[in-house]
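What follows is the residue order along each chain.
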Amino acid sequence: MDLVAKYQGVVGRVFGNENSGSSEDSYVERLLDRISNGVLAEDRRAAMLDLQSVVTESRAGQMAFGAMGFPVILSVLKEERDDVEMVRGALETLVGALTPLDHAKGPMNEVQPALMNSDLLSREVDNISLLLSLLSEEDFYVRYYTLQLLTALLTNSPQRLQEAILSIPRGITRLMDMLMDREVIRNEALLLLTYLTREAEQIQKIVVFEGAFEKIFSIIKEEGGSEGGVVVQDCLELLNNLLRNSASNQVLLRETMGFDQLLSILKLRGTTYRFTQQKTINLLSVLETMNLLIMGGPETDLGRDANKLTNKTVLVQKKVLDHLFMLGVESQWAPVPVRCTALHSIGDLIANHPKNLEELASKRLGEEPDLEPALNSVLRILLRTSSKQEFMAADYLFKNFCQQNPDGQTMLASTLILQPQSMIYAPFEEDINMSFGSMLLHGLTTGENEGDLETCSRAASVLSHVIKGNNQCKEKVLQIQLEAPMPTLGGPEPLLHRMVKYLALASSMKSKDGKSSTSTSENVFVQPIILKLLIIWLSDCPNAVQCFLDSRPHLTYLLELVSNPTTTVCVRGLAAVLLGECVIYNKSNASGRDAFSIVDAISQKVGLTSYFLKFDEMQKSSLFTSAKPFLPRKPLTRSTAASMAEIEDVGNESSDQKNENHPMLTSVFDSPFVYFMKRLEADIREKIVEAYSSPKTQVTVVPAELEQKSGENDVDYIKRLKTFVEKQCHEIQDLLSRNATLAEDLAKTGGNNSSPLERKVSGGSDRVQLETMRRDLQEASQRIEMLKAEKAKAESEASTYKNLAGKTESDLKSLSDAYNSLEQANFRLEKEVKALKNGDIEALKEEAREEALKESEAELNDLLVCLGQEQSKVDKLGNRLRELGEDVDKLLEDIGDDIGADDGDDEEDEE
């Protein structure tokens, strides 16, 4: 075999020429010789067992076997099928040769014998065909070791094995038949098919065609559903491989078997509070199946949206919400990963689906008579849970419920009713009978006395979903007045003011202690979440902006927060956006609270350069650059299942982080909010430039120069007023142009560190000159466009005339050629006529004489030919006569005399 020769070369390069003749090589060679040339069957079997031991224990033995052992072992499998023990031994030897030895790990760049052997065996399609044919053998161990060998090949050389199996007739069918075999064989075949269908779309289609869905659910039911072992996990992984990238397979499952058997796996049985690790993994796997059906298939599939909508509708019709709420809400003894995934699935089911949204809004949990709206139960979990992951899952559900659902937002906002003072500050255990809104307000205000603002930030996140993009809900929430915790602290205050108060409280708590305490780590996300609520609230809501500015310390604190170097980049950027909203959505004309006053305050307290720099810093932060529209979940496999089942500790570990990569921040600041912030930034820059370019709407200060002096007549007074007004106009124009130029430069450069005072800006005259030049340039551009249009029209007409001239010239040339030919013909005819008229007899005679001479020459030539022929005959006769002894010359003379006499007689007769 050529491949074996190449492999031997590799062995030589790896181990050197000396090691190529080492004891392992020679020992393996002797064993192979005994197997191939041995006489006694027992000796050959013993050699096979020894060879098996060598390849399973030694890397050098694996290398030596790869160099020389494959032809011998494959010949055993081909020619000695009747000797079951030899076939078993050969298969076990191949499995050992393809299994990496973990205890003998070497350098990373060292050649791995198991991988080399797998590559060598899988290169020949006939070898794979031979192995598949062994699956039809009656011996249990032959089938078992064959499946193990195929699994090892698939692990080391997946692409090549997939192609080989596809090229073999009934290759997949033989593997599918193994699912109906004995339990051990079935489990090995199931594991092999799981590996085989991860990426190969064609194999997935064939497996489904061979009845994979029926066999998978049959095995799951036989194994006990979610209570089963790792076999159920393998079945669900195979099912997910078949559904992940194929909308057609999802349709086939829905239209043939339906989702009933799938949903039955979610149903908790027996001791529901007992969740083993394997049961947790099985439930996570079936929830992943649910997620694949909700996604509807790959994004490139044209029928994905329609399939997604149908799957969501059918699942909710099959009462899947009951099972999901049991896992995610009612079964608080369920592991955190299961609860989080169930809540995520509910959020995905209702997203952009009106009927499912209505179903969730009317859903009630519990038992009679203590039924409670499902959303209330989810809100209670969101506010109470100690797991950050569970909060993010519940928050995701509320975000999807409120997204593009104004009716649902209005329903939730209508329940925001203030409870009595005793209930507002009551402990959480007493919120059972509260409405959704009352519970939310309870969460917004609780913990203030204890200094715990995490619950407040969680409630603020939910409130931001309720009011996002809904001005009616914003106005509703704006009317809420909260009583002070104690009467001595003042009267009622708007909820908006209380949120700003909590924002400042979080900042002050952070500055008290620089250590990594729990409260400090919570502030990493408390301030950003409250700022997000305020940004959403003030967006396109002038009344909210007015309410925010009603308290002057709010603006002062916000300016300090923007310029505070101890806060995070995210907090400074969000505060800058909130300040910008006070400019672009400000409809007030009151002094000190209008847009121009806010811009002046920003310029004086922060500086426009530094202010715009906050936007750039925030846009470059990891929190904003890492925001993506959709992050697909990683497939749940045997290797990742254990880590997924232990996700409960992730939330507690990540709470110690003190940067913008906190998992709660990455969940709250998703791609839509980042896009919303970028759009706001552009509007803020434009509005600030406009504010600098326009004067204030009211002028309250009247200069003393405007009053008429004593003894001054009216004419002088009018002249002085005119001079004063002209001077003021010039100064105002100069200031406006300078401000506009400065604002434009800052808005464009943004992140430059140079001070605006260091830049050279043009004065009013330069501004006017610039405007004049712009107008001249615009007029010149318009004139150029007109000239271009006229030029194009002229070129078009010239082209038309040119084509017409070319055509005319061509026609004239054709007529000229025809005329010349006619002239030549006419000249020839005239010449002939003239010759006939002049009676050129001599020419005719000469022509006749030449014809006569030609005829006489032809006759003379014929005579000469005849004479030549006669002369040749005479020569032949003369030669013959000489041979006979005759005197030819004498005869010729006699003949000549006779001819002469004859001629004389003839002449006499004529006379």
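Residues numbered from 1 in each chain as written. Predicted model: local features only at pLDDT ≥ 70, side-chain atom pairs only at ≥ 80, totals over all residues. Heavy atoms only, no water.

So, on to the overall build of the protein. Helices and strands together make up the secondary structure of the protein, namely 45 helices and 4 strands. Of all intrachain contacts in the protein linking residues separated by at least 6 positions in sequence, the fraction that spans at least 24 positions is 72%. For the protein, the accessible surface area stands at approximately 48500 Å², while carbon and sulfur atoms represent 52% of it. (Helix = DSSP H or I, 4+ residues; strand = E, 2+ residues; numbered from the N terminus. Contact = heavy atoms within 4.5 Å. Areas by Shrake-Rupley, 256 points an atom, 1.4 Å probe, with all protein chains shown as cover.)

Attention now goes to unusual backbone geometry. Its identity is not glycine, yet R170 carries a phi of approximately 60°, on the positive side. Summarising the element assignment, R170 is placed in the loop between α10 (158-167) and α11 (171-177). One non-glycine residue, K319, adopts positive backbone phi at about 65°. Relative to the elements of secondary structure, K319 occurs in the loop between α19 (304-317) and α20 (320-330). Overall, the relative accessible area of 48% leaves K319 in the partly exposed class. (Buried < 20%, exposed > 50% of the residue type's maximum accessible area, 1.4 Å probe, protein only.)

Our focus in this paragraph is the pattern of salt bridges. Two side chains bearing opposite charge may form a pair once their charged atoms approach each other closely. Using the criterion set out here, one finds 29 salt bridges in the structure. Of the charged contacts in the structure, one is a salt bridge between E227 and K279, with a shortest N-O distance of 2.8 Å. Of the two residues, E227 sits in the loop between α14 (212-223) and α15 (230-244) while K279 sits in helix α18 (residues 277-295), which places them 52 residues apart along the sequence. The class of K279 is buried, set by a relative accessible area of 2%. Residue E454 is joined to K388 by a salt bridge in which the shortest nitrogen-to-oxygen separation is 3.7 Å. Here K388 lies in helix α24 (residues 388-402) and E454 lies in helix α28 (residues 454-467), a separation of 66 residues in the sequence. (Salt bridge = Lys/Arg side-chain N within 4 Å of Asp/Glu carboxyl O.)

With that out of the way, let us pick up the packing of aromatic side chains. The final tally for this structure, using the stated rule, is 10 aromatic pairs. An aromatic cluster is present here, built from F140, Y141, Y144 and Y145 joined pairwise through their rings. We note K532 situated over the ring of F673; from NZ or CZ to the ring centre the distance is 5.1 Å. (Phe/Tyr/Trp six-rings, centres within 6.5 Å; stacked < 30°, edge-to-face > 60°. Lys NZ or Arg CZ within 6 Å of the ring centre and 35° of its normal.)

For the rest of this paragraph, the subject is the environment of L665. By the secondary structure assignment, L665 is in helix α40 (residues 663-668). For L665, a relative accessible area of 1% puts it in the buried group. It is 9.4 Å that separates the C-alpha atoms of L665 and V526, two residues lying 139 residues apart in sequence.

Bringing the side chain of H353 into the picture now. If you trace the backbone, H353 turns up in the loop between α21 (336-350) and α22 (354-361). Of note is the side chain of H353, whose polar atom sits 2.8 Å from the side chain of T313. The residues touching H353, leaving out its near neighbours within four places in the chain, are L309, K312 and T313. (Polar contact = N/O pair within 3.5 Å; in protein donor to acceptor, adjacent residues only side chain to side chain.)

Next up on the list: the packing of helix α23 (residues 374-384) against helix α27 (residues 436-445). The geometry of a pair of packed helices is captured by two quantities: the angle between their axes and the separation between those axes. Look at α23 against α27: their axes get within 10 Å of each other, and the N-to-C directions meet at 10°. The angle between α23 and α27 places the two elements in the roughly parallel class. Residues L375, N376, L379, R380 and L383 of α23 lie in contact with α27, whose contacting residues are F436, M439, L440 and G443. Of the residues in the contact of α23 with α27, the class split is 6 nonpolar, 2 polar and 1 charged. (Axes fitted to C-alpha atoms, helices over the stretch in contact; angles between N-to-C directions. Parallel < 35°, antiparallel > 145°, perpendicular 65-115°, else oblique. Nonpolar A, V, L, I, M, F, W, Y, C, P; charged D, E, K, R; others polar.)

A few words on a negative patch on the surface. Together, E847, E850, E851, E855, E859 and D862 make up a region of like negative charge exposed at the surface. By the secondary structure assignment, E851 is in helix α44 (residues 841-884). (Patch = residues over 30% accessible without salt bridge, like charges linked within 9 Å, V, L, I, M, F, W, Y side chains within 5 Å. Lys, Arg positive; Asp, Glu negative; His and termini not counted. Charge placed at Lys NZ, Arg CZ, Asp CG, Glu CD.)

Let us look at the confidence of the model for the protein. Of the residues in the protein, 77% have a pLDDT of 70 or more, and the chain-wide mean is 79. Contacts from residues 648-658, a stretch scored under 50 in pLDDT, to residues over four places away or in other chains number 21 contacts. Scored below 50 in pLDDT, residues 751-768 makes 25 contacts in the model with residues more than four places away or belonging to other chains. (pLDDT = per-residue confidence, 0-100.)

Okay, a nonpolar patch on the surface next. Residues L860, L863, L864 and L867 make up a contiguous nonpolar surface patch of about 420 Å² in total accessible area. Assignment of secondary structure puts L863 in helix α44. By relative accessible area, which is 53% here, L863 ends up exposed.

Looking now at helix α25 (residues 406-414). For α25, the set of buried residues is G408, Q409, L412 and A413. One side of α25 holds all its buried residues, which, seen down the axis, span an arc of 135°. On its buried side, α25 packs onto α23, α24, α27, α28 and α29 (471-478). (Arc of directions from axis to C-beta.)

On to the nonpolar core, then. Of all hydrophobic cores here, the largest spans 220 residues; its most connected members are L77, L175, L495, M499, W537 and Y611. No other element matches helix α31 (residues 518-538), which puts 12 residues into this core. The residue makeup of this core includes at least three contributed by each of domain 1 (21-101 + 110-168) and domain 2 (490-508 + 524-629 + 665-698). Ignoring anything within four residues of it in the chain, the contact list for L495 reads L441, L444, L463, V477, I480, L482 and W537. (Core = buried A, V, L, I, M, F, W, Y, C linked by side-chain atoms within 4.5 Å. Domains from an automatic or database assignment.)

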